[in-house]
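Residues per chain, in single letters:
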Amino acid sequence: MKTNKLLGLITSCIVASAVFHARAESTETAKAASLRLATGQYITPTALRGSMQQFLNPGLSAYPNFVAGEAVRSQLSPDGTTLAVLCAGQNSLDKPDGTTDTANSTQFIFLYDVSGAHKEAPVLTQVIQQTNSHVGLVFSPDGGKLYAAGGKDDAVYVYTKTGNTWSRTATITLGHSKGVGIGVGPNASGLGISADGATLVVANNYNDSISVIDTASGAVQYEHDLRPFFANNEGTSGGAGGSFPFAVAVKGNGTAYVSSDRDREVVVIDISSATAGRLVKRIKLDGNALGMTLDASGSKLFVAEDNADQVAVIDTASNAVVAKIDARAPAGMLAGSDQDNDGDQRARHTGAATFAVTLSPDGKTLYAVNAGANSVAVIPLRGEHAYRVAGLIPTAYEPHDITISSDGSWMYIVNGKSITGPNPGHLAGATASITSITYPGGNAAAAAAARASNQYQFQLERASLVSAPVPTSDELERLTLRVAANNFYSAGRGDDEKVMKFLRNRIKHVIYIVKENRTYDQILGDLGNGANGDSSLTQFPQSITPNFHRLAGQFVTLDNFMDPGDGSMDGWSWSLQGRVTNTETITQQINYAFVNRGLSYESEGTNRNVPVNFGTVDERDAAAGVAGTTNYSNATASMPGGTPNVLTGTGNHASSDAPFGTQRGYIFDAVLAGWRDRAELRLPGEQHRQHRHQGLADQ
C-alpha cells in the first residue's frame, strides 16, 4: 500500500463519491454500486471486480421472497468443496392470519458448492433449518461431520454427509437448566475442535463455562467453569473473569483458548484430561474478545477485539500478547493513528467493531472483519510492513466473517444485514387498540394483516454472501479509497472542529428527548408544513398529539432524520453512544424473535438482567429494590458460585469505549469530561489506545 499516495487521494475521492452516491442510491439491487445507510455511511457490496452478491433465501414455499437475516459464521470444508454459512437472527415469520409460523421461524445453515467452476459463483445446494443457533459452526478435520451450536436449545447439532446431502444424525445435549443471571436460560455459542477430531469444546455463553465433548460417544466429559472462584482455576471468590465466553480455538489436542467477551480476556484451559480441565492462564486484552483463529502451526493466536478495534496477536508458547494490530485502517488514515510514531495524539476514532479474523491458506495474510465500518482489513504477516493494515476491502452491510478458498484465490464474505427500506404494511404493534382511526374491516383485522405482511424491520434485514477474487495490491489501493469514501475517513477534520467550536461558544444547555417506537409519519405525517410526510401513514394525528405537532411547527421539523437502531435495545445505544457493540447487535436479533430464542435484553445497564454497572452486591440489591431489601441476592443465590460470583465487576459488553475511558462512550460521559483539549483526554492507564507495530516481520 502506497500510504502517502493514498492519503493524498482521500479528499478528492470523497468529493467525487458524493456525486456518484447521489446517482446510485435510488435503487437497491444486488449489483448496486453504492447504497446509503441510515448512519450516513455508504456500502458498496460489489465494488470488487468480478464479485457477486447472493442474498440468503432459504426457499420456503410459503414465503418465497423471505431472506434470512444475520449471517454470523462461515466455514470451508477441509476438502475445500463446501462452504457452510450459519445465520443467527430474528428470522421469524407470520402466517396469512397473523399468527406466528413456528415451524418456519427457525435459524438456517446454507451449504454452497464452491468446487471447481463453482468457486467463482457458489451454488446453493442445501438449506438446513435449525431451531436455534448462535455463532458456533465447525467441520470435523476429516470433513465428514458439521457441528453447529444450538443457542437456547443448549445443544450441539451434528450433521453427517451421505452422498451429496447433509442430515442431522445426533444431538448432543449440554445439561443446563438455566443460565447464570436472573431469569435467563443457557446459550450454546462458539465451537472449537481438536486436531484429531476427538474433542469438541463448546462455549456456554450464558453459563460462563465450556463443555468438553468426546465426539466418538457424543458425551459431555466435563464442564469447566471459567470464573476465578472455580477450584480448578484460581479458587478465589469474587474475582472477575471468564464471563460471556464467545469463541473457542483448540491448539493441538489439549489446549483450549476461549474468548471472554465481557471480561476482555482469553482464558487458556488445559483439556488434555478426560475428566477435568485446568486453568493455564488468563490473557488480558484491551477490547471485547470475540472471534479467534490459530495459525497452522498453532504458535500464534489472533483475536478480534470489539471496542478496541484491533487484533491481538498471542504467542501460544508464552501465552502472552506480542502484538496489537490497529484493524481500522492503514496507518495515518484516521486521526489518532500513531503506528508510525508520527506524533498524532488526537482522540482516537472508534467504532470499526472488529468481529472476526481469518488467515489465508498460506498463512501469509490475516483478514480482520470490521462489522461497524463495513470493511475487511487486509494485514500481511510477512515482510517489511507485517502486522499492519495494508488496505481495506468494502463489504455489504454488517460483515461478520470471511472465508478464503482452499487455493487462496477467492474470498467469501458473509454479511448480516441489508437496508430495510420502507415497511408501510407493518403499522404499529397496538393497531388493534387504536381508537382515533378505523381501518377497513376493523382494527383487529388490520393488526393481523400488518403482522402477516412480514414487514417488521428485523424481517427485512437480509443476509448475503459476497464472492470475489482476492484483490491484488493495486486493486487493494482502489478498494481502500472506496472504504475511506464510504465512511468519510479523512486526515483532516478542520470543518468539523470549526463548527463544534462555534456551537460550544453559543449553546449553554441541551435538552435531549427521545421518543421511542414511533416513526415520523406515524405522528407527524399530517403536519402539512411542506415537510416530507405521508398522511396516509399517520396513526396519531394532531388531535391526539398536539404537543408534538406544536413543537415541530414552532421550533424545528426533522422530517428525514434516519435512526440506524432497529429496536429499543440497540436504539438506546445508538441514541446515547452513537454506535452499538457486536454482541448487542446479535443478541437483539435473537431476543426480538416471535418465538422464544432466549437471550436477555442486553442494554440500558444490564447483562442477563443483572445491573452490571454496579460492582458490589449491596449496590445491586439497592438497584433491584427499596434500600435494605435483598431482591438481587435472593434471585442469584442458587447460581453456581453463589451471588458473589455472578457477573462480577462492572464490565458491560453493550457499552462502548471512548478516547477518555473504557466503557465511557456515552453522551453524558462526554459532557462530564468537559470541553478540554482533545490531547488531554487520555487518562492514566489508557495507554492501550496506542497500537504500535512490534517488529514481528518474518516470524
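The structure reproduced in this document is the subject of the present report. (Residues numbered from 1 in each chain as written. Predicted model: local features only at pLDDT ≥ 70, side-chain atom pairs only at ≥ 80, totals over all residues. Heavy atoms only, no water.)

## So, the packing of aromatic side chains
Reasoning step 1: The final tally for this structure, using the stated rule, is ten aromatic pairs.
Reasoning step 2: Here Y206 and F244 contribute two aromatic rings whose centre-to-centre distance is 5.6 Å and whose plane-to-plane angle is 85 degrees, an arrangement assigned as edge-to-face. Of this pair, Y206 sits in the loop between β13 (199–204) and β14 (209–214) while F244 sits in the loop between β15 (219–225) and β16 (245–251), placing them 38 residues apart in sequence. Residue Y206 shares its accessibility class with F244, and that shared class is buried.
Reasoning step 3: Grouped by ring-pair contacts, the aromatic residues Y456, F458, Y592 and F594 constitute a single cluster.
Reasoning step 4: Between the NZ or CZ atom of R462 and the centre of the ring of F55, over which it lies, the distance is 4.4 Å. (Phe/Tyr/Trp six-rings, centres within 6.5 Å; stacked < 30°, edge-to-face > 60°. Helix = DSSP H or I, 4+ residues; strand = E, 2+ residues; numbered from the N terminus. Buried < 20%, exposed > 50% of the residue type's maximum accessible area, 1.4 Å probe, protein only. Lys NZ or Arg CZ within 6 Å of the ring centre and 35° of its normal.)

## Describing the environment of D208
Reasoning step 1: Tracing the backbone shows D208 in the loop between β13 and β14.
Reasoning step 2: Residue D208 is classed as buried on the basis of its relative accessible area of 0%.
Reasoning step 3: Between the C-alpha atom of D208 and that of G179, which follows or precedes it by 29 residues, the distance is 8.6 Å.
Reasoning step 4: Not counting residues up to four positions away in its chain, the partners in contact with D208 are V180, D225, L226, R227, G242, S243, F244, P245, R608 and L647.
Reasoning step 5: Looking at D208, its side chain comes within polar contact range of the main-chain nitrogen of F244, at 2.9 Å. (Contact = heavy atoms within 4.5 Å. Polar contact = N/O pair within 3.5 Å; in protein donor to acceptor, adjacent residues only side chain to side chain.)

## Concerning the sheet that holds strand β19 (residues 278–284)
Reasoning step 1: Sheet architecture is open: four strands sit in the order β16-β17-β18-β19, paired in antiparallel fashion. With partners counted over all chains shown, the strands left at the sheet margins are β16 and β19, one partner each. Ignoring strand direction, the axes of neighbouring strands in this sheet form an average angle of 20 degrees.
Reasoning step 2: Pairing of strand β17 (residues 255–260) with strand β18 (residues 265–270) involves six bridges; the strand directions are antiparallel. Each residue of the ladder has a partner; that of A256, found in β18, is I269. (Pairing = 2+ DSSP bridges. Axes fitted to C-alpha atoms, helices over the stretch in contact; angles between N-to-C directions.)

## Quick notes on the sheet that holds strand β22 (residues 310–315)
Reasoning step 1: Strand order in this open sheet of four strands is β20-β21-β22-β23, and the pairing throughout is antiparallel. Only two strands of the sheet have a single neighbouring strand rather than two, namely β20 (288–294) and β23 (320–326). Neighbour-to-neighbour, the strand axes of this sheet turn through a mean angle of 25 degrees, independent of strand direction.
Reasoning step 2: In this structure, β22 lies alongside β23, joined through six bridges in antiparallel fashion. In the sheet register, I314 faces β23, and the bridge partner there is V321.

## What about unusual backbone geometry?
Glycine aside, negative phi is the norm for most residues, and most peptide bonds take the trans geometry.
Reasoning step 1: For N91, which is not glycine, the phi dihedral falls at a positive 35 degrees.
Reasoning step 2: We classify N91 as buried; its relative accessible area is 3%.
Reasoning step 3: Even without glycine at this site, E604 takes up a positive phi of about 60 degrees.
Reasoning step 4: Turning to its location among the elements, E604 is positioned in the loop between α8 (582–591) and α9 (617–624).

## Points about the nonpolar core
Reasoning step 1: Core analysis: the biggest nonpolar cluster contains 62 residues, and I109, L146, V266, L301, V303 and I393 have the highest contact counts within it.
Reasoning step 2: In terms of residue count, the dominant contributor to this core is β20 (four residues).
Reasoning step 3: Other than its neighbours up to four places away in sequence, L146 contacts A84, I109, L111, L137, V138, F139, Y157, V158, Y159 and W166.
Reasoning step 4: Membership of the second largest hydrophobic core comes to 26 residues, among which are A368, Y387, V389 and V483. (Core = buried A, V, L, I, M, F, W, Y, C linked by side-chain atoms within 4.5 Å.)

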